[in-house]
Amino acid sequence: MAKQNIYDNDIFYENFKNIRASELNYNDVIETPIITAMLPELKGKNILDIGCGMGQHAMQYAKSGALYVLGIDISEKMLKYARENNIADNIAYRKMAFEDLNQLDEKFDVITSSLAFDYVEDFGMLMKTIHNMLNENGVCVFSMSHPISTAYDGIYDRYTRTETGEQLYANLHNYGKEGVRHIHWVVDNYEVYHRMFSTLVNEIVSAGFIIEECQESKLPEEFRQEHSDLFGGIIHQPAFIFFRCRK
Ligand SMILES: C[S@@+](CC[C@H](N)C(=O)[O-])C[C@H]1O[C@@H](n2cnc3c(N)ncnc32)[C@H](O)[C@@H]1O
């Protein structure tokens, strides 16, 4: 199965690091508050963070009283940053692709993932692996790009626009065509996978999970207006989708 490691590309990594470090970034402003509100009690729990990146979430979970947090990621550069900047006695980082998760001989109470599952070719298989790795009654909480966002195929403009270029609405002409997308984002040939909403739900349920909660990201209107240059385009369109799934 294909394993893309775009975060070890120098240009992509530097760009991502700068975006992630900026005061107003999608991760901190939109993603983190929603996923945090969906998490179960973390005190005393064993947690696996899949695609942990630079370790901000692992650190947050460690500070919330987790017994132990294991962050796994495919990228050396992301893990290096995590190991230098987000360290605690109860955190370990390991270089591992999520395609190889079944090699981990450990069980967890909580499995999380923030914005990493866009890169998964076989989402159904990953859900089954996660289900096997959870203790009884364990919970998996994750976020990923919303299917409305991953539908974009890079061929036409993402939006239909006014004559002066303002976004009117997103183009979803190929929403029903699932599979890999090669688009330009920082670099050429950036690769993500598009799945319809129903596919996500059905593959989670087929893996044996009960879906307890689903959220779609939405910005407070005041915030959107104040920073319309950064967040203006997402008024009608959720950037991210979130699920809390119980074994
Ligand atoms: C958008 S970043 C998110 C990082 C972090 N979870 C956060 O919220 O800041 C996506 C992460 O997924 C990782 N990733 C991509 N493909 C992967 C794979 N096949 N196995 C493990 N991690 C992967 C990338 O290296 C990157 O660190």
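One can find the structure itself at the top, above this paragraph.
Predicted model, so just to flag it, every value in this text is computed and none were measured.

## Topic: the site of the ligand
Taken together, 21 residues lie near the ligand, and R20, G51, D73, F98 and E99 sit nearest. Note that an oxygen atom of the ligand is positioned 2.9 Å from one of the side-chain N or O atoms of R20. In this structure, a nitrogen atom belonging to the ligand sits 2.9 Å away from a main-chain N or O atom of F98. In isolation the ligand offers 590 Å² of accessible surface; the protein chains occlude 98% of this area. Class assignment for the residues of the shell around the ligand results in 11 nonpolar, seven polar and three charged.

## Observations concerning the side chain of N27
Note on placement: N27 falls in helix α2 (residues 26-38). Given a relative accessible area of 13%, N27 falls into the buried group. Contacts of N27, omitting those with residues within four sequence positions, involve R20, T32, P33 and L115.

## Quick notes on the packing of helix α5 (residues 123-133) against helix α7 (residues 197-206)
At a closest axis distance of 8 Å, the pairing of α5 and α7 adopts a crossing angle of 35 degrees. The way α5 lies across α7 gives a crossing that is right-handed. Within the contact between the two elements, α5 uses F123, G124, M127 and K128 and α7 uses L200, E203, I204 and S206. Grouping the constituent residues of the contact of α5 with α7 by class yields four nonpolar, two polar and two charged.

## Comments concerning the sheet that holds strand β11 (residues 240-246)
The mixed open sheet is built from seven strands, whose spatial order is β3-β2-β1-β4-β5-β11-β10. The sheet is open, and its two borders are formed by β3 (91-95) and β10 (210-216), each paired with just one other strand. Each strand axis lies, on average, 15 degrees off the axis of its neighbour in the sheet, ignoring direction. Lying on the sheet, α5 is in contact with β1 (46-50), β4 (108-114) and β5 (134-145); it crosses β5 at an angle near 145 degrees.

## Details of the packing of aromatic side chains
Going through the model one piece at a time under the given rule, you end up with 14 aromatic pairs. With a centroid separation of 5.5 Å and an interplanar angle of 20 degrees, the aromatic rings of F12 and Y190 are classed as stacked. Residue F12 is found in helix α1 (residues 10-21), and its partner Y190 is found in strand β9 (residues 187-194); the two are separated by 178 residues along the sequence. Given a relative accessible area of 6%, Y190 falls into the buried group. Pairing F117 with F142 gives two aromatic rings, centres 5.0 Å apart and planes at 45 degrees, and the pair type is tilted. Taken together, the residues F117 in the loop between β4 and α5 and F142 in strand β5 connect sequence positions 25 residues apart. Taking relative accessible area as the criterion, F117 reaches 0% and is therefore assigned buried. Connected via pairs of aromatic rings, a cluster forms that spans Y7, F12, F16, Y119, W185 and Y190.

## Structural notes on the environment of I111
Tracing the backbone through its elements, the reader meets I111 in strand β4. Judged by its relative accessible area of 0%, I111 falls in the buried class. In the structure, I111 is positioned 98 residues away from F209 in sequence and 13 Å away in space, judged by C-alpha atoms. Beyond its immediate stretch of four places on either side in the chain, I111 contacts L48, I50, I130, M133, L134, V139, C140 and V141.

## Some remarks on the pattern of salt bridges
Using the criterion set out here, one finds nine salt bridges in the structure. Among the ionic pairs, E14 bridges to K17, the shortest N-O distance being 3.8 Å. In this pair, E14 and K17 both sit in helix α1, three residues apart, roughly one turn of the helix. With relative accessibility at 25%, the residue K17 sits in the partly exposed group. Across the pair E106 and R94 runs a salt bridge, and its minimum N-O distance is 3.7 Å. On the criterion of sequence distance, the pair formed by E106 in the loop between β3 and β4 and R94 in strand β3 is long-range, its members being 12 residues apart. Each of the salt bridges in this network shares a partner with another, and the network as a whole consists of E212, E213, R244 and R246.

Cut-offs applied
- Residues numbered from 1 in each chain as written.
- Predicted model: local features only at pLDDT ≥ 70, side-chain atom pairs only at ≥ 80, totals over all residues.
- Heavy atoms only, no water.
- Near = heavy atom within 4 Å.
- Polar contact = N/O pair within 3.5 Å; in protein donor to acceptor, adjacent residues only side chain to side chain.
- Areas by Shrake-Rupley, 256 points an atom, 1.4 Å probe, with all protein chains shown as cover.
- Nonpolar A, V, L, I, M, F, W, Y, C, P; charged D, E, K, R; others polar.
- Helix = DSSP H or I, 4+ residues; strand = E, 2+ residues; numbered from the N terminus.
- Buried < 20%, exposed > 50% of the residue type's maximum accessible area, 1.4 Å probe, protein only.
- Contact = heavy atoms within 4.5 Å.
- Axes fitted to C-alpha atoms, helices over the stretch in contact; angles between N-to-C directions.
- Left-handed = near helix turned anticlockwise from the far one by under 90°.
- Pairing = 2+ DSSP bridges.
- Phe/Tyr/Trp six-rings, centres within 6.5 Å; stacked < 30°, edge-to-face > 60°.
- Salt bridge = Lys/Arg side-chain N within 4 Å of Asp/Glu carboxyl O.

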